[in-house]
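Residue strings, one per chain:
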Amino acid sequence: MSFKEIDEVKGYYKRYLDKKGKSLLERPFIDRCLKEVFSGRLLIVSAPTGYGKTLVSLLEAYLTLEGKEGWEKLIVAYPTRALISEQEEKFKGTFEGKESLIGTRHMGKAESRYLSKPVTVTTYDTLSLTSFGLSPDDNISASSEDYYLPHYIFSRFSAFISNIVFDEAHLLYDSQKSLDYLFFLINLYSDVLKRKLVLLSATLPDRFIEPLESRYGFKLLELGENDDPDFWASRKAKKYRIEIKSFSEKEDVLRFIAQKLKDGTFKKALVVMNTVEEAQKAYSLLKSTANRVLLIHSRFTDEDKEKKAEEIKKVEEGIVVGTQSVEVGLDSSFDLIITDAAPLNSLVQRFGRFLRDEKDNEGEAYIIYDGSEAQGKYKGVYDIGLVEGSLKAIAKRQQTEGNVNLHVGYKPLLNEVYSEKVLPNYSDLSEMSGVFWSFDFGRLSEFFRKKGGSFVRDEVLVEGRVSGISVPVDLSFAEKHLEKVICGSNEFHPSKNGDLFSFALSGCAFELKGVEYDSDLGLISRSS
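In this text the structure is predicted, and so the values were computed from the model without any measurement. (Residues numbered from 1 in each chain as written. Predicted model: local features only at pLDDT ≥ 70, side-chain atom pairs only at ≥ 80, totals over all residues. Heavy atoms only, no water.)

Draft legend 1. View of the pattern of salt bridges. Tallied over the entire structure, the rule returns 43 salt bridges. Residue Arg397 is joined to Glu401 by a salt bridge in which the shortest nitrogen-to-oxygen separation is 3.7 Å. One end of the pair, Arg397, and the other, Glu401, are both in helix H14 (residues 384-401), 4 residues apart, so they sit about a helical turn from each other. Judged by its relative accessible area of 16%, Arg397 is buried. Three or more residues joined by partner-sharing salt bridges are found here, namely Lys250, Glu278, Asp340, Asp370 and Lys379. (Salt bridge = Lys/Arg side-chain N within 4 Å of Asp/Glu carboxyl O. Helix = DSSP H or I, 4+ residues; strand = E, 2+ residues; numbered from the N terminus. Buried < 20%, exposed > 50% of the residue type's maximum accessible area, 1.4 Å probe, protein only.)

Draft legend 2. Representation of the pairing of strand S12 (residues 318-322) in the model. The element S12 is extensively covered by neighbouring structure, given that 5 of its 5 residues are classed as buried. The side-chain alternation of S12 yields two buried faces, one formed by Gly318, Val320 and Gly322 and the other by Ile319 and Val321. The sheet contact formed by strand S10 (residues 268-272) and S12 spans 5 bridges and is parallel. Residue pairing in the sheet places Lys268 in a bridge with Gly318 of S12. (Pairing = 2+ DSSP bridges.)

Draft legend 3. Fine view of the state of the cysteines. Per the counting criterion, the structure on display carries 1 disulfide. Covalently, Cys487 is tied to Cys508 through a disulfide, its sulfur atoms 1.9 Å apart. When the S-S torsion is 105°, as for the bridge of Cys487 with Cys508, the disulfide is right-handed. Separated by 21 residues along the polypeptide, Cys487 in strand S19 (residues 482-487) and Cys508 in the loop between helix H20 (500-505) and strand S21 (509-512) bring together distant segments of the chain. Here Cys487 falls in the buried class, since its relative accessible area comes to 18%. (Disulfide = S-S within 2.5 Å.)

Draft legend 4. Quick peek at the environment of Leu115. Residue position: Leu115 is located in the loop between strand S4 (109-110) and strand S5 (119-123). A sequence separation of 11 residues divides Leu115 from Thr104, and the C-alpha atoms of the two residues are 8.1 Å apart. Residues in contact with Leu115, not counting those within four places in the same chain, are Lys73, Ile75, Arg105, Thr120, Thr122, Leu127, Thr130 and Ser158. (Contact = heavy atoms within 4.5 Å.)

Draft legend 5. Geometry of helix H2 (residues 28-39). The set of residues buried in H2 consists of Phe29, Ile30, Cys33, Leu34, Glu36, Val37 and Phe38. Where H2 is buried, its residues meet helix H1 (4-19), strand S1 (42-46), helix H3 (54-65) and strand S8 (219-222).

Draft legend 6. Region of interest: the packing of aromatic side chains. Tallied over the full model, the rule gives 30 aromatic pairs. Their ring planes at 65° and their centres at 6.3 Å tell us that Tyr12 and Phe95 sit as a pair that is edge-to-face. In this pair, Tyr12 sits in helix H1 while Phe95 sits in the loop between helix H4 (81-94) and strand S3 (102-106), placing the two residues 83 residues apart along the sequence. A residue is classified by how much of its surface remains accessible, and Phe95, at 4% relative accessible area, is buried. Ring centres of Phe247 and Phe256 lie 5.4 Å apart, and the angle between their planes is 45°; on these two criteria the pair is classed as tilted. Both residues of the pair, Phe247 and Phe256, belong to the buried class. (Phe/Tyr/Trp six-rings, centres within 6.5 Å; stacked < 30°, edge-to-face > 60°.)

Draft legend 7. Structural detail: the sheet that holds strand S11 (residues 293-296). Pairing is parallel across the open sheet formed by 6 strands, whose spatial order is S9-S14-S13-S10-S12-S11. Looking along the sheet, the strands with just one partner apiece sit at the ends: strand S9 (242-247) and S11. Across the sheet, the axes of successive neighbouring strands diverge by a mean angle of 15°, strand direction being ignored. Bridging between S10 and strand S13 (residues 336-340) involves 4 bridges; their strand directions are parallel. Bridging across to S13, Val271 finds its partner in Ile338. Where helix H10 (residues 250-263) meets the sheet, it contacts S9, S10, S12, S13 and strand S14 (364-370), and its direction lies at approximately 170° from that of S14. Together, S10, S11, S12 and S13 form the strand contacts of helix H11 (residues 276-287), whose direction differs from that of S11 by roughly 170°. (Axes fitted to C-alpha atoms, helices over the stretch in contact; angles between N-to-C directions.)

As structure tokens, this is what we get:
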């Protein structure tokens, strides 16, 4: 086999990167992975952030666009809408002249309706909905089954005949709900449809990989020191020591951040908070003392998110404040990182933005732990046991080895923190499969409501509106600030006209009160 397609797609991608002022680095391990694409049907590609795993998706896309046998359609799924825009530009920019064959699909954008384009770039949530025949825009409405029949039949078939790439696949084992969907899809693709399925990630522990290898026959391709000695050595040479700082009061956390950024000798600093509200507070504090500060999180309009992403790319000196949204897709390098405590897989992703460039070799790194949030879920987001277990593992390793590197060689830490077996809820998995194969729309509607309006998200995402501006928000945020519900030309007040969940599943918009939209801060609560 000549693998000429590998050279061709690398040539197209190099041309695209040249226009962006970037270089295509030689990555021998990625070359090996690209060759495996031709023969491997079920693959796991594990390599650190910034290594170049995108080329795997681009090769799959190229083979699809060229109409190669076995590559009739491709779906590339990402965790967030914010990441979709950048990836869409990358795919279309690489394959100039074939842009019409590539499309995106998520709530509010139906360029590839029914995932029908030869190459579709979408979100996990949209893929999960569409694979069951549901629309991401008006999921389950009061309309009749006949209204949904075309989408129900065609979108399922579209997913059936596609190969799938899950990028940042580690996020699918973050919750039981998304894990169950992933195993459902793996069962379907490995045992029934016999299509290609590729998982890309930097942080997959052995406990997650083991059942995929033993039960389904996935082939693991994992970067080791001998696979690319030059890359490994360059990442090991990064000079920093992680300092874990614990505080008992929230105000002390903000004071520490402000003081460290005031005193620090850095070019670009990254501050990561676990909630939008805390990121907004940190941004407001820092903006009053620093010249160049940017904020990015999920509660901006899609247009403003794109503008901010472009601004961040151009910043050579300054501060970026963000939430978990920076963990994926932020292709910038920082020489100072201050991050809120989080599970290890999230910390590795955040550190993937720290000293990311080859030329950046030395910096400062801090993990801040807020002791006032040490019960239940940390910051209302993360399992407290995973958060504390991650910090203890890092501290222990630093005591025994003198340093911890979260750029390469962190797999033993992952395995220590994620030591429990990763398995689906077999009862839910069985019910999901039963619903899928029943072709009973009523049964699907009932099951979808039972799952909370999403097969992968903890909460259903809805359209929030304030002063004519639309911003995607979680249903709980909409409920807290609800003025009224707008469904087409009709207006409802839920206390009189039904529960919010039903409106959410009908694709209605939620007019909000007690909030305002600011292009610098995003959607903010007047009481915060």
